[in-house]
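What the coordinates show
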Amino acid sequence: MYYVSTRDKSKKLTAAQAIALGLSRDGGLLTPETLPSISEQDLVALKEMNYQDRATFIMKLFLEDFTKEELDSYAQKAYSMEKFDHQEIAPVYTVDQITHSLELWHGPTSAFKDMALQMLPHLLSASLVKTEEEKTVCILVATSGDTGKAALEGFRDVDKTKILVFYPKDGVSDIQGLQMQTQEGNNVGVCSVFGNFDDAQTGVKKLFSDVKLREDLENRGYFLSSANSINWGRVLPQLVYYVSSYCDLVKKGTIKQGDLVNICVPTGNFGNILAGYYAKRMGLPIGKLICASNSNNVLTDFIKTGIYDRNRQFYTTMSPSMDILISSNLERLLFAMSNENDTLVADYMQALNDTGKYEVNDTIKSALEAEFYAGYCDDAKTQVTIQKMWTENDYLIDPHTAVAFDVLEQYRNETGDNTQTIVVSTASPFKFCDNVLGALGVTDLNEGVDILDQLTEKTNMKAPAPLAELRNKTIRFEDSVEKEQMIDVVLDMLK
Ligand SMILES: *Cc1c(COP(=O)(O)O)cnc(C)c1O
């Protein structure tokens, strides 16, 4: 199986080449040429496996240039009990008779990004060996909070890699900020950027397309790669938990093999829900894909109208990892829905770049309508949802997950569809204590890490160990720069 750019499919790359490169030189996203399928028999076999073996099985379908033994060893390391605090890695918690929460935050940084970023470093360093790359890779990350910490943890002290993370100064929670500022490891750098997530992301994209910088770094023995969800090595591990959660529901007897389930995903850059879409195309029995946004509802409008328009107000919300106006991974969806029409996708992306706007053709519009439902939830409703979920279901959720639960309710009210639904829970509530406590009626909040104790007191739930340990960590990174100065930070780190 080969990988091609969504903007030019004439050049074919191996999986290792695609993962080592991260982003195609033409600005497109590297994507498998065709999707493999999962048969009913595969699902029967997968049902009996643990998470690690399920991961190997699914990834092997896409990574022909990797052996099963290699993938096995990565899965053992990435999803070990040292890193995760739950035996099942991605457990499914049943909230009520038709609603199930897929908890993707039992990893080292308490958010779903760990699911992919514990795996990516293994895939990447093996890809570098396979492509006979001699230079050191420097991973550049723009993050709205969760990716940064998860990438830092995944890559820390991994041989022949460096990692540099930029985050928007006012776009992350206290705990998220502290997690990054206290990062340990000898190959890591962290810097905040004045502005919002799009400023940080645009800045990083600019660095990637800077030819002069690339030459400079090459002379110094470095090349740049990405851990953002545009890297195929990020999307692929996310396919696993959709398959895994389906198998778990069959195993529990909640559904029968072959029954459809809906999935509802709190969405930002469109990487998570894209993996769900791919899983469906591969044969996993998924009905509707419910795309949940916060007040930055550019995707809600897009899915409803076929018009993507980023020219709108940007809101800083209590679900910061979804504060995004340009959802990069949507490009892969357009590629799939247009029958891999690279010219068309390139045109849309050119229009997005020139005018901030594009409108898809009727084929894509009908595909969007058939596959997706979209809705959004503002901060006030997010808080109400957290509170309701806690009092009515004894289930504590973070603001991102709350957005999804609210949009699911909208969907059910509008359509009357009571299909079994998997809601993807993307962060531990302890990562966003301030807003969760606010939702539970606590207004006088403790400073810094002490806020964790407050949430414990209120709910009797224990904070995840890596968050509780922040208390004893030293701050190592405090710099902030304008986005024009990001290049200096890179040059300074890669001296
Ligand atoms: C990254 C993130 C999201 C959004 O996921 P995308 O793949 O960018 O759509 C949602 N919730 C949390 C907690 C996240 O960290």
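See above for the structure.
The structure reproduced in this document is the subject of the present report. Note that this is a predicted model, so its numbers are computed, not measured.

Here we come to the pattern of salt bridges. The full count for this structure, using the stated rule, is 20 salt bridges. The residue E153 makes a salt bridge to R156 at a minimum N-O spacing of 3.4 Å. Among the charged side chains, a network of salt bridges with common partners joins K149, E153, R156 and E184.

Another aspect to go through is the site of the ligand. In the vicinity of the ligand lie 15 residues, with K113, D146, G268, N269 and T426 positioned nearest. Measuring from an oxygen atom of the ligand, one finds a backbone N or O atom of G268 at 2.7 Å. The separation between an oxygen atom of the ligand and a polar main-chain atom of N272 is 2.9 Å. Burial of the ligand by the protein chains amounts to 97% of its free accessible area of 380 Å². Among the cavities detected, the one that contains the ligand is the largest cavity. Considered class by class, the residues forming the shell around the ligand number 5 nonpolar, 8 polar and 2 charged.

A word on the sheet that holds strand β2 (residues 8–13). With respect to topology, 3 strands assemble into an open sheet ordered β2-β1-β3, the strand pairing being antiparallel. In this open sheet, the two strands that pair with only one neighbour each are β2 and β3 (30–32). On average, each strand axis in the sheet is tilted by 40 degrees relative to the strand beside it, whichever way the strands run. Two elements, strand β1 (residues 3–5) and β2, share 2 bridges in a ladder whose sense is antiparallel. Each residue of the ladder has a partner; that of Y3, found in β2, is L13.

This part covers the packing of aromatic side chains. One pass over the full model with this rule turns up 16 aromatic pairs. For the ring pair Y308 and Y358, a centre distance of 5.5 Å and an interplane angle of 5 degrees mean the geometry is stacked. Taken together, the residues span a long stretch of sequence, with Y308 in strand β12 (residues 307–309) and Y358 in strand β13 (residues 357–359) at a distance of 50 residues. Y358 carries the same exposure label as Y308, and that label is buried. Each ring, one from Y348 and one from Y358, has its centre 5.3 Å from the other, and the planes form 20 degrees; the classification is stacked. On the criterion of sequence distance, the pair formed by Y348 in helix α15 (residues 342–355) and Y358 in strand β13 is long-range, its members being 10 residues apart. Cluster of aromatic residues (ring-pair linked, three or more members): Y3, F62, W232, F270, Y277, Y278 and F372. Residue placement shows K130 over the ring face of F66; its charged tip is 4.7 Å from the ring centre.

There is about 820 Å³ of room inside the largest pocket. Lining the largest pocket we find 31 residues, and of these R7, G27, K205, M349 and N353 sit closest to its centre. Of the residues that constitute the lining of the largest pocket, the class distribution is 10 nonpolar, 11 polar and 10 charged. Of the voids in this model, the second largest pocket is the one considered here, and its volume is about 360 Å³. As for the second largest pocket, its lining consists of 21 residues, and the residues nearest its centre are P108, E153, P466, E469 and K473.

Another point: the nonpolar core. Of all hydrophobic cores here, the largest spans 109 residues; its most connected members are L63, Y358 and F372. For this core, the leading source of residues is helix α11 (residues 232–252), giving 12 residues. Once residues lying within four places of it in the same chain are set aside, the contact partners of L63 are Y3, A15, I19, L71, L123 and L236. Core analysis: the next-biggest nonpolar cluster, separate from the first, contains 37 residues, V95, I175, W390 and L396 among them.

Strands sit in the order β9-β6-β7-β8-β16 across an open sheet of 5 strands; the sheet is parallel. Across the chains shown, the open sheet's two edge strands, defined by having one partner strand only, are β9 (222–226) and β16 (480–481). Sheet topology places strand β6 (residues 136–142) next to β9; 5 bridges connect them, and they run parallel. Across the sheet, L140 pairs through a bridge with S226, a residue of β9.

For the rest of this paragraph, the subject is the pairing of β6. The element β6 is largely enclosed, with a buried count of 7 among its 7 residues. Every second residue of β6 is oriented toward a common face, with T136, C138, L140 and A142 on one face and V137, I139 and V141 on the other, all of them buried. Looking at chain direction, β6 and strand β7 (residues 161–168) are connected through 6 bridges and run parallel. Bridge assignment links A142 to a residue of β7, and that residue is F166.

Here we take up unusual backbone geometry. One non-glycine residue, E132, adopts positive backbone phi at about 55 degrees. A relative accessible area of 68% places E132 in the exposed class. Although it is not a glycine, N339 sits at a positive phi angle of roughly 60 degrees. Within the fold, N339 resides in the loop between α14 (330–337) and α15. Of the residues examined, N339 reaches a relative accessible area of 63% and is grouped as exposed.

All right, on to the packing of helix α2 (residues 40–47) against α11 then. Two elements in contact, α2 and α11, have axes whose closest approach is 9 Å; the angle formed by their N-to-C orientations is 75 degrees. The pairing of α2 with α11 is recorded here as roughly perpendicular in orientation. Of the residues in α11, those in contact with L43, L46 and K47 of α2 are V243, Y246, C247, V250 and K251.

Of all 5 residues that make up strand β15 (residues 421–425), 5 are buried, and the element is covered over most of its length. Across the two faces of β15 the burial is the same, with T421, V423 and S425 and I422 and V424 all buried. Sheet topology note: the strand β5 (residues 99–103)/β15 ladder contains 5 bridges and is parallel. Considered in β15, the bridge of H100 is made with I422.

The next thing to look at is empty space enclosed by the protein. Summed over the entire model, instances satisfying the criterion amount to 3 cavities of 30 Å³ or more. The computed volume of the largest cavity comes to approximately 290 Å³. Secondary-structure elements contributing two or more residues to the lining of the largest cavity are α7 (146–155), α11 and α12 (271–281). Taken together, the residues of the lining of the largest cavity break down into 8 nonpolar, 14 polar and 3 charged. Quantified by volume, the second largest cavity comes out at close to 50 Å³. Partitioned by chemical class, the residues of the lining of the second largest cavity number 4 nonpolar, 4 polar and 1 charged.

Rules used throughout
Residues numbered from 1 in each chain as written. Predicted model: local features only at pLDDT ≥ 70, side-chain atom pairs only at ≥ 80, totals over all residues. Heavy atoms only, no water. Salt bridge = Lys/Arg side-chain N within 4 Å of Asp/Glu carboxyl O. Near = heavy atom within 4 Å. Polar contact = N/O pair within 3.5 Å; in protein donor to acceptor, adjacent residues only side chain to side chain. Areas by Shrake-Rupley, 256 points an atom, 1.4 Å probe, with all protein chains shown as cover. 1 Å grid on protein atoms, 1.4 Å probe; cavity = no way out; pocket = protein on both sides within 12 Å on 5 of 7 lines; lining within 4 Å. Sits in = over half its atoms within 2 Å of the grid points. Nonpolar A, V, L, I, M, F, W, Y, C, P; charged D, E, K, R; others polar. Pairing = 2+ DSSP bridges. Helix = DSSP H or I, 4+ residues; strand = E, 2+ residues; numbered from the N terminus. Axes fitted to C-alpha atoms, helices over the stretch in contact; angles between N-to-C directions. Phe/Tyr/Trp six-rings, centres within 6.5 Å; stacked < 30°, edge-to-face > 60°. Buried < 20%, exposed > 50% of the residue type's maximum accessible area, 1.4 Å probe, protein only. Lys NZ or Arg CZ within 6 Å of the ring centre and 35° of its normal. Points joined across faces, edges and corners; volume = space filled by probe spheres on them. Core = buried A, V, L, I, M, F, W, Y, C linked by side-chain atoms within 4.5 Å. Contact = heavy atoms within 4.5 Å. Parallel < 35°, antiparallel > 145°, perpendicular 65-115°, else oblique.

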